[in-house]
Amino acid sequence: FAERSRSYSFVVTLLVMVWATNVFIPPLDSNYTTVDIQGHRGAYSSHWLGAQLAVLVNSFFGLIGFYLVKNAVDRDRRTDVGQLLAASPLTRVGYTLSKWLSNFLVLSSMLAVVAVCTGLLQIVRGEDTAVNPVALLTPLVLLVLPFFALVAAVAVLFEVLPFLRGGLGNIAYFFLWAFGGIMSSFEGRGRLEVRNDPMGIGLITPSMIADAARAFPREKITGEHMSLGINIGGKGDAPLVLFPYGGIDWTPEMVLG
């Protein structure tokens, strides 16, 4: 990790995270949206921004993060460091765990940048300038960090399995991310399906939909037309209608999951 953190590519990655966070939290007069619940979105409070960033970071950087860190073992092969380590007392378990920890620290550094930028952007956007660190960080710590730990482990696994080491593994992970992560999250939306939702999206969106439906009872908001991602045009010429979001009601089962 020390070697990686001293590289120019690591600095560039952190700068990209700053840019991505700014994209994920659109300006108030922006012509695109990132979370649209039938023409509504939560006001930019700490509760909403923490939940919104957890959903978007897990969705997009669950894919990108894998390709960013899937080079730790290969670098040892290319530089012949692996041969030196093979002759040392270091065990295979110790080696793979250290590579996982290195990957996890890289991804955690990216998340730390996201958290700081989100707090600053809450003030800059100006809808709710009272930053609540607990409300902001809880979804990131409980949902994003565990998922990044999983991505870091899968990256090491793919590097040590010969048939997944190259391009085939890159393609296989894309389908694993799409169908094992994104699709399972949306299938479990609206009910607690911890085992089948590694990204945790299905734990966040029900509270968003419920608060929107509570704020606009006549519009029959069910979440069937909820949109996540970069949606150019948003609601056309009309801005999204805001609603107060109270955050996720964390239960012991959700936290342990």
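Remember, predicted model here, so these are calculated numbers, not experimental data.

Following the criterion strictly, the structure yields 13 aromatic pairs and no others. For the pair Phe1 and Phe10, a centre-to-centre distance of 6.2 Å together with 90° between the ring planes defines the contact as edge-to-face. Consider the rings of Trp48 and Phe243, whose centres lie 5.6 Å apart with planes at 85°: the pair is edge-to-face. You can see Trp48 sitting in helix H3 (residues 46–69) and its partner Phe243 sitting in strand E4 (residues 241–243), a full 195 residues away along the chain. For Trp48, a relative accessible area of 0% gives the class buried. Grouped by ring-pair contacts, the aromatic residues Phe66, Tyr67, Phe158 and Tyr173 constitute a single cluster. The ring of Tyr44 is capped by Arg41, whose NZ or CZ atom sits 4.0 Å from the centre of that ring.

Now for a nonpolar patch on the surface. Where nonpolar side chains cluster on the molecular surface, the patch consists of Tyr67, Ile171, Phe174, Phe175 and Phe179 and spans about 530 Å² of accessible area. In terms of residue count, the dominant contributor to the nonpolar patch is helix H8 (residues 167–187) (four residues). Within the element layout of this structure, Ile171 appears in helix H8.

At a minimum axis separation of 11 Å, H3 and helix H6 (residues 92–125) run at an interaxial angle of 150°. For the element pair H3 / H6, the angle class is roughly antiparallel. The hand of the H3/H6 crossing is right-handed. Within the contact between the two elements, H3 uses Ser46, Leu49, Leu53, Val57, Phe61, Gly65, Leu68 and Val69 and H6 uses Asn103, Val106, Leu107, Met110, Val114, Thr118 and Gln122. Within the contact of H3 with H6, the residues separate by chemical class into ten nonpolar, five polar and no charged.

Ranked by internal contacts, the top residues of the largest apolar core, which has 61 residues, are Ile37, Trp48, Phe148 and Met208. Listing elements by their share of this core, those giving two or more residues are helix H2 (8–24), strand E1 (32–37), H3, H6, helix H7 (133–160), H8 and helix H9 (201–215).

This next bit is on the environment of Glu127. Along the chain, Glu127 turns up in the loop between H6 and H7. On the basis of relative accessibility, which here comes to 28%, the residue Glu127 falls in the partly exposed class. Along the sequence, Glu127 and Tyr44 sit 83 residues apart, while their C-alpha atoms lie 5.7 Å from each other. Contact partners of Glu127, with chain neighbours within four places excluded, come to Leu28, Arg41, Ala43, Tyr44 and Leu242. A distance of 2.8 Å separates a polar side-chain atom of Glu127 from the backbone nitrogen of Tyr44.

Contact geometry of H3 with H9 gives a least axis separation of 10 Å together with a crossing angle of 145°. The way H3 lies across H9 gives a crossing that is left-handed. When H3 is examined against H9, the residues Trp48, Ala51, Gln52, Ala54, Val55 and Ser59 are found in contact with a partner set consisting of Ile201, Ile204 and Met208. A per-class count over the contact of H3 with H9 returns seven nonpolar, two polar and no charged.

Another aspect to go through is H7. Here H7 spans 39 Å end to end across 28 residues, near enough to the 40 Å set by a 1.5 Å rise per residue. The principal kink in H7, of about 30°, is found at Val141.

Attention shifts here to unusual backbone geometry. For Asp80, which is not a glycine, the phi torsion comes out positive at approximately 65°. Position of Asp80 among the secondary structure elements: in the loop between helix H4 (72–78) and helix H5 (81–86). Residue classification places Asp80 among the partly exposed residues on the basis of a relative accessible area of 44%.

Parameters at a glance
- Residues numbered from 1 in each chain as written.
- Predicted model: local features only at pLDDT ≥ 70, side-chain atom pairs only at ≥ 80, totals over all residues.
- Heavy atoms only, no water.
- Phe/Tyr/Trp six-rings, centres within 6.5 Å; stacked < 30°, edge-to-face > 60°.
- Helix = DSSP H or I, 4+ residues; strand = E, 2+ residues; numbered from the N terminus.
- Buried < 20%, exposed > 50% of the residue type's maximum accessible area, 1.4 Å probe, protein only.
- Lys NZ or Arg CZ within 6 Å of the ring centre and 35° of its normal.
- Patch = residues over 30% accessible without salt bridge, like charges linked within 9 Å, V, L, I, M, F, W, Y side chains within 5 Å.
- Areas by Shrake-Rupley, 256 points an atom, 1.4 Å probe, with all protein chains shown as cover.
- Salt bridge = Lys/Arg side-chain N within 4 Å of Asp/Glu carboxyl O.
- Axes fitted to C-alpha atoms, helices over the stretch in contact; angles between N-to-C directions.
- Parallel < 35°, antiparallel > 145°, perpendicular 65-115°, else oblique.
- Left-handed = near helix turned anticlockwise from the far one by under 90°.
- Contact = heavy atoms within 4.5 Å.
- Nonpolar A, V, L, I, M, F, W, Y, C, P; charged D, E, K, R; others polar.
- Core = buried A, V, L, I, M, F, W, Y, C linked by side-chain atoms within 4.5 Å.
- Polar contact = N/O pair within 3.5 Å; in protein donor to acceptor, adjacent residues only side chain to side chain.
- Expected span 1.5 Å × (residues − 1).
- Bend = angle between axes of the 7 residues up to and from the residue.

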